[in-house]
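# Coordinate analysis (summary)
The chain contents come next:
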Amino acid sequence: MKCLVLGGGGTVGIALLHLLKKIGWSACVVDPQKPAHYTTHEKRLKGTLLEWVEEAYTFEKLDARLRAEPFDAVIDLAPSLDKPEILALCDRHGVSLVNATIAAFGKSVPAAARGFLNRRPSLSGRPHIVAAGMNPGAINALAEEIIQANQERPTAIIYWEYDDTTPHHGLFSEPSITWCPCESAQEIDDDPAFEVVKKGKILLRSTPLEWESQDYRACGVPLDQLRVPPEGDALLIGHEECVYMGWRHDTACKFIYGFHPENMTLMRKASGNLKVNLLRQAKDTPLRGGDFVGVSCRFDGHWRGAYCHLDNTPATPLDTNATSILVASGIAAAMIVLKNNHITPGVHLTHELENYVPAFRSLIPVHDYEMSAEALEEALP
């Protein structure tokens, strides 16, 4: 199985290439920039990485490439390409498309998610899986698994993340992030935060750094299993998974995102002018810490949840990090589903596919948990 990866030079793209080797796909990459340790990747990905084209990814060039060469799938990691347009193009060429989001960089996230649900592209040439990163993709599918197992509608769905990735020397000199700097800075400091409440209403807030802090303890997060410090707090972030699942189950839904306390302090000081440093694995300077990403579903009297935890280690591939490996695993799970011919033609979200969660769990350990809502509330200050 052969895929064409648009935007494979970032941290998610590099992590994905190593996962594609694991699951048996080969890849041609289009990206104007090669990673710093390209030669090392080229050696380790022999037989998987077939080609690297150093040029900008455009709609016209993709059209010409698909006319000239057969591919089993296109993986769209390019931040600025129009998502519905690329979907339609791939379907016309009879090629499946997988992407990490349906909201292009610079576009309104809630508008893009609502637009997709209200006007889902009617395509029938090939199966396509969209919004298949860690979140929205994997975490939405895990939320759906929890809800179906509990056999009742939750009163709240809360997605949560705690990223304590740290430079190798253990010190933060500037605000730092583990994925695309421009997109993350926009999400944290420019875009309005939002949450979904019942009847599909989306409440827009001020920017995450300006809006009130979120308390992990009030969100069904199993703090006894995590490294969140007692003083740790989180930001309310506007994510598309909240629209998909809040609307699907007519319930409150939000996403909270926290960082190592020193990193969070630097971010808050930079509010209004946030610029972030990208933390990537480099030779002889391995990153510390890692990332926890989970979902808590509240039912009457209890919380049920699931989370993934991945640390940065010396074995983490160069030019990427634990966070990006989690994102890439969500995309790789979609590739497994496509390879096994488990879905019909059309445009699918991950939580609509019953074979998606087993594929994801085959790549990343998932920790399931349950706790009493009353006990958790009694522990609150």
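What comes next is a walk through the structure. (Residues numbered from 1 in each chain as written. Predicted model: local features only at pLDDT ≥ 70, side-chain atom pairs only at ≥ 80, totals over all residues. Heavy atoms only, no water.)

This paragraph deals with the pairing of strand S4 (residues 73–76). Each regular strand displays side chains that alternate between the two surfaces of the sheet. Alternating positions in S4 separate into two faces, Ala 73 and Ile 75 on one and Val 74 and Asp 76 on the other, with burial throughout. Here four bridges tie strand S1 (residues 2–6) to S4, and the two strands are oriented parallel to one another. By the bridge assignment for S4, Leu 6 is matched with Asp 76. The pairing of S4 with strand S5 (residues 96–99) spans four bridges and is parallel. Directly across from Val 74, in S5, lies its bridge partner Leu 97. Regarding topology, helix H4 (residues 83–92) serves as the crossover connection from S4 to the parallel S5, and that connection is right-handed. (Buried < 20%, exposed > 50% of the residue type's maximum accessible area, 1.4 Å probe, protein only. Helix = DSSP H or I, 4+ residues; strand = E, 2+ residues; numbered from the N terminus. Pairing = 2+ DSSP bridges. Right-handed = clockwise from strand over helix to strand, strands pointing away.)

This brings us to the pattern of salt bridges. Overall, the coordinates contain 17 salt bridges when judged by the stated rule. Arg 65 serves as the salt-bridge partner of Glu 51, at 2.6 Å between the closest nitrogen and oxygen. Of this pair, Glu 51 sits in strand S3 (residues 49–53) while Arg 65 is found in helix H3 (residues 59–68), placing the two residues 14 residues apart along the sequence. With relative accessibility at 32%, the residue Glu 51 sits in the partly exposed group. A relative accessible area of 18% places Arg 65 in the buried class. The partner of Asp 215 in a salt bridge is Arg 217, and the shortest N-O contact between them spans 3.2 Å. The partly exposed category is assigned to Arg 217, whose relative accessible area is 31%. A single salt-bridge network, built from bridges that share partners, covers Lys 2, Glu 51, Arg 65 and Glu 69. (Salt bridge = Lys/Arg side-chain N within 4 Å of Asp/Glu carboxyl O.)

Between helix H5 (residues 109–118) and helix H8 (residues 240–249), the least distance of the axes is 8 Å, while the angle of their chain directions is 40°. By the angle between their directions, the pair H5 and H8 is classed as oblique. At the point where H5 passes H8, the crossing takes the right-handed sense. Taken together, the residues of H8 that come into contact with H5 (itself represented by Val 109, Pro 110, Ala 113, Arg 114, Phe 116, Leu 117 and Asn 118) are Glu 240, Val 243, Tyr 244 and Trp 247. Taken together, the residues of the contact of H5 with H8 break down into eight nonpolar, one polar and two charged. (Axes fitted to C-alpha atoms, helices over the stretch in contact; angles between N-to-C directions. Parallel < 35°, antiparallel > 145°, perpendicular 65-115°, else oblique. Left-handed = near helix turned anticlockwise from the far one by under 90°. Contact = heavy atoms within 4.5 Å. Nonpolar A, V, L, I, M, F, W, Y, C, P; charged D, E, K, R; others polar.)

On to the layout of surface pockets. Of the pockets and cavities examined, the second largest pocket occupies roughly 280 Å³. Along the walls of the second largest pocket sit 16 residues, with Asp 82, Lys 83, Pro 84, Ile 102 and Ala 112 positioned nearest its centre. Every element with two or more residues in the lining of the second largest pocket is listed here: H4 and H5. For the lining of the second largest pocket, the per-class residue count stands at ten nonpolar, two polar and four charged. (1 Å grid on protein atoms, 1.4 Å probe; cavity = no way out; pocket = protein on both sides within 12 Å on 5 of 7 lines; lining within 4 Å. Points joined across faces, edges and corners; volume = space filled by probe spheres on them.)

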